[in-house]
Amino acid sequence: MMRQFGRSRSRRREGSARELFERVRWRYFQIQPGVRRLTALLVIATSIAVAAVAGWPILTALVFAAVLIAVVAFTLRSPVGMATGAVVVCWLIASVPLGRLYPDQAYQSVFLALLALPVAFAAFRLGAYAPWRTALLALALSGMVAVLTAQQVPALHVGPAWLAALLLLAYRWDQARRAVAAEAYDSGWVQEEEPPVGYEDKGAVAPMRPPHSAERRDLSDPSDPRTPRDPRDARDPRAPGTPGEPGTPGTPGEPANPADAARRAAAIPGVPAATQAAYEQQVSGGGRQYQTPAAAPEISVRDVLTELEGMIGLEPVKRQVRSIAASIEAAHLRAEAGVPTEKPMRHFVFVGPSGTGKTTVARVLAKVFYAFGLLPTANVVEAHRADLVGEYLGATAIKTNQLVDSALGGVLFIDEAYGLINAAEGQPDRFGNEAVQALLKRAEDNRDDLVIILAGYEQQMEDFLTSNPGLASRFGTRVRFPSYDTSELLRIADYHAQLRGDQFDDEARAKLRVRFDEVWRRGIVDELGNGRFVRSLAEAAARARDVRVVGSGDAQPTPSELVTVRGEDVDAAFAEVTERYRGYVETPTLEEALASLDAMIGLEPVKRQVREITAQLQVSRLRRSQGLVAQPPMRHFVFVGPPGTGKTTVARVLGRVFSALGLLARPDVVEAQRADLVGEHLGATAIKTSKVVDSALGGVLFVDEAYALSNTGYSGGDAFGAEAVQTLLKRAEDDRERLVIVLAGYEAEMDRFLHSNPGLGSRFDVRVTFPSYGPDELLAIAQSIAEQAGDTWEDKALDDLAGLFQRICGRGQVDQLGNGRFARSLYEKACASRDVRVAALGAEATTADLTTLRSEDVRAAYRELTSRLR
């Protein structure tokens, strides 16, 4: 069966002021009447409270607030009536001083005031002009005539003023009878322009539909004057000409639809075709958008694709959208050639990080389908899980179907669609599954008049699509959105600055590039939000500029200072915007990371190996930058050695090295042990381990005593630990680009652990061996710890320390005592002994007494720590 395609469409742009006013009105009438009344009462109550606090007359504040609310409500409900009323009020006020110009002042002001009645009545009867403009012109002309004739011909009184107004009304009536009504005057914004020469009849037009809204419309309240009667009909139902509504031709006492009047005018004798053409040009040339279901506004496919090309970046997306438009055009041509052609409607999956323009491209796609005549409207309805899922089973299907009904004829865009499968603790999401089933049915039943787009992060969307076979079959077209690079982020920043009328100076642009290079190198541009992050940064920089300019205390700032963003503003904005993101810290440089390694005491073999790893990472990055083949950098490590030898500290150094080289998003280290990974029952362990891995993404996961995950002491094997190991192995491979895992423990136990699973030895193939500390290194550690705390060891205490460290190292007890951890414990116990001794001195204690550790303190600490070894 051959399907017919619509013609390409084009449209005119609306004036910004008119569009803004209509959007405000549209939003106003979407608010429930009860909410509007409650808001009015709150405004009045607030005004009374403010007046009472400020000491103003309460009655005056009450009257002012009530009048203000009435004026706003009347203006939004009938703008033309409010405008005409304002003109009449101004005339009544002006009639008093005008009447005093006459020598005989009796009743002259009254007669001038009475002129407003016929002028206002005639202005509303003239259909071709806005009433408020007609009243303004007539009364202004009358006032000028009154000023000129009051002293020159006082015998005529106000007659010349009345005559001038009546003559202007007569002239307007003569012009109006040559054309039909220009519009229904729902707002009074009318463009009165002369038609261009050679204007041709384009066909009938109809009242403007309300501005499109990307938000979902509530269709459940038929009493709301702004509620459309049909989801596909975006016209204002209050506008005359809606079938079955007041104002429809044939309904007594109501004005006719202007478009219907235009069509009838062509058959009325005395109304030439040129006059009708002039009318059509008049209503279409004012920058407004008109449509009926039979004569919808036209959008050109060329214009839509030009709008797409104007977007920054997204080259793969642009190519794919152009290919979609080309396939539709090819189907269109086949249909015109008489080849049986199915309507090329499809549903889409948008995958990519946040802030990459998925919603904007969805609107472009809606316009593409609309321009080809495949959809009756270009509306996009946005939704999330909360818009589809109900509070109980059964309600979800109803809620989902209502949402789909609101989007019929356009595009339904569901962001973070994977939220519909929210399996928690291994339990299925019955509510989300009900929404998915309802969506799948409507996607098939309404495929000819609805396009559904599911959007979200790529990995989560992959899991979501595989959760139901019907999703992958019905949503087969996938559009991938890439992250923005540094140059594109800069262009986006310039775009948002221009929207605000701002500009970046050279220093600010240089700092922006450095900051964008940093977030790109660290791979956190997606976490920060891509284009959304740049918009927040531009807004925060403008605020920082305003604070700097206003708080400088200098003379009046120049216009250039008011719009120029400097480097210091960018720094302040970047600090403000990034502080809200989890784990964001300044990236250390490679020199800083290695300096922290060199500052560690001892561990020379470890330092050499870490420097070798760093050199390999640097060379690998250089080879890739020059287009050479490079091995993937090592990501996962095994640290073996006794306790207290700095394994956790070196893991932090590795995190800083990887972060400085742009291989990790942040240098953070998440520490974990068996208890953090193993759950209380089978199945829970995988979930618990995955949560720990998720918390470490972008940094380093340090699993201490990892051999505990293979506990051979359990009869029948350690199934819980094995489940944790399998989950770790899978995540180590799946997330190798954004995660470093370090397994640490004693050497012999770690060897047995690595041989317990073949995957461990292949994925954790870089081993770093930590030697025990010697006596001199332990003494240096004890001195460093005391110095950092503001304490000192007396000479005899240092001699005792050296002797103690030599004794435990010679006996082979240093690993049992904890190496560097033993030196710290010895210092802490010595401080406790010193404090007991000094406390007895009371107020007589000197600074030296409070900060010096003596030999007896060292001996007391050693006896306490080594008592468990005997």
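Notes on the structure follow. (Residues numbered from 1 in each chain as written. Predicted model: local features only at pLDDT ≥ 70, side-chain atom pairs only at ≥ 80, totals over all residues. Heavy atoms only, no water.)

**So, the overall build of the protein chain**
Broken down by element type, the protein chain carries 38 helices and 14 strands. Taken across its 870 residues, the protein chain has 46% of its residues classed as buried. Pairs at least 24 residues apart make up 75% of the contacts formed inside the protein chain by residues separated by at least 6 positions. (Helix = DSSP H or I, 4+ residues; strand = E, 2+ residues; numbered from the N terminus. Buried < 20%, exposed > 50% of the residue type's maximum accessible area, 1.4 Å probe, protein only. Contact = heavy atoms within 4.5 Å.)

**Regarding helix H38 (residues 855-866)**
Residues spaced three or four apart along an α-helix face the same direction, because each turn holds 3.6 residues. Between its first and last C-alpha atoms H38 spans 17 Å; for 12 residues at 1.5 Å apiece the expected length is 16 Å, and the two agree. Turning to H38, its buried residues are Ser855, Asp857, Val858, Ala861, Tyr862, Leu865 and Thr866. Buried residues of H38, seen end-on, are gathered within an arc of 155 degrees and therefore sit on one face of the element. Of the surrounding secondary structure, the elements contacted by the buried residues of H38 are strand E13 (792-793), helix H34 (795-810), helix H35 (814-817), helix H36 (820-839) and strand E14 (852-853). (Expected span 1.5 Å × (residues − 1). Arc of directions from axis to C-beta.)

**Details of the pattern of salt bridges**
Within the structure shown, the criterion is met by 35 salt bridges. The residue glutamate 671 makes a salt bridge to arginine 652 at a minimum N-O spacing of 3.0 Å. In this pair, glutamate 671 sits in strand E9 (residues 669-672) while arginine 652 sits in helix H27 (residues 647-660), placing the two residues 19 residues apart along the sequence. Judged by its relative accessible area of 46%, glutamate 671 is partly exposed. (Salt bridge = Lys/Arg side-chain N within 4 Å of Asp/Glu carboxyl O.)

**Comments concerning the packing of aromatic side chains**
Tallied over the full model, the rule gives 12 aromatic pairs. Ring geometry for phenylalanine 637 against phenylalanine 658: centres 6.1 Å apart, planes inclined by 75 degrees, an arrangement best described as edge-to-face. A residue pair is termed long-range when its members are at least 10 positions apart, and phenylalanine 637 in strand E8 (residues 637-640) and phenylalanine 658 in helix H27 qualify at 21 residues. Here the aromatic residues Phe348, Phe350, Phe369, Phe413 and Phe481 are joined through ring pairs into a cluster of three or more. (Phe/Tyr/Trp six-rings, centres within 6.5 Å; stacked < 30°, edge-to-face > 60°.)

**Focus: the packing of helix H26 (residues 604-625) against H27**
Running from N to C, H26 and H27 point in directions that differ by 20 degrees, and their axes come no closer than 11 Å. By the angle class used here, H26 and H27 are roughly parallel. Considering the relative orientation of H26 and H27, their crossing is right-handed. Every residue of H27 that contacts H26 at Val606, Val610, Ile613, Thr614 and Leu617 is listed here: Val650, Leu654, Val657 and Phe658. (Axes fitted to C-alpha atoms, helices over the stretch in contact; angles between N-to-C directions. Parallel < 35°, antiparallel > 145°, perpendicular 65-115°, else oblique. Left-handed = near helix turned anticlockwise from the far one by under 90°.)

**Quick notes on a nonpolar patch on the surface**
On the surface, a cluster of nonpolar side chains totalling about 400 Å² of accessible area is made up of Leu59, Leu62, Val63, Val67 and Val71. Along the chain, leucine 59 falls in helix H3 (residues 58-77). (Patch = residues over 30% accessible without salt bridge, like charges linked within 9 Å, V, L, I, M, F, W, Y side chains within 5 Å. Areas by Shrake-Rupley, 256 points an atom, 1.4 Å probe, with all protein chains shown as cover.)

**Here we look at the environment of arginine 447**
Along the chain, arginine 447 turns up in the loop between helix H16 (430-445) and strand E4 (451-456). Looking at arginine 447, the relative accessible area reads 31%, which means it is partly exposed. In this structure, the C-alpha to C-alpha distance between arginine 447 and leucine 408, residues 39 residues apart in sequence, is 9.8 Å. Beyond its immediate stretch of four places on either side in the chain, arginine 447 contacts Met345, His347 and Arg442.

**Details of the packing of helix H11 (residues 301-309) against helix H12 (residues 315-336)**
Close contact between H11 and H12 brings their axes to 10 Å; oriented N to C, the two are set at 170 degrees. Classed by the angle they form, the pair H11 and H12 counts as roughly antiparallel. Residues Leu305, Leu308 and Glu309 of H11 form the contact with H12, whose own contacting residues are Lys318, Val321, Arg322 and Ala325. Broken down by class, the residue content of the contact of H11 with H12 amounts to 4 nonpolar, no polar and 3 charged. (Nonpolar A, V, L, I, M, F, W, Y, C, P; charged D, E, K, R; others polar.)

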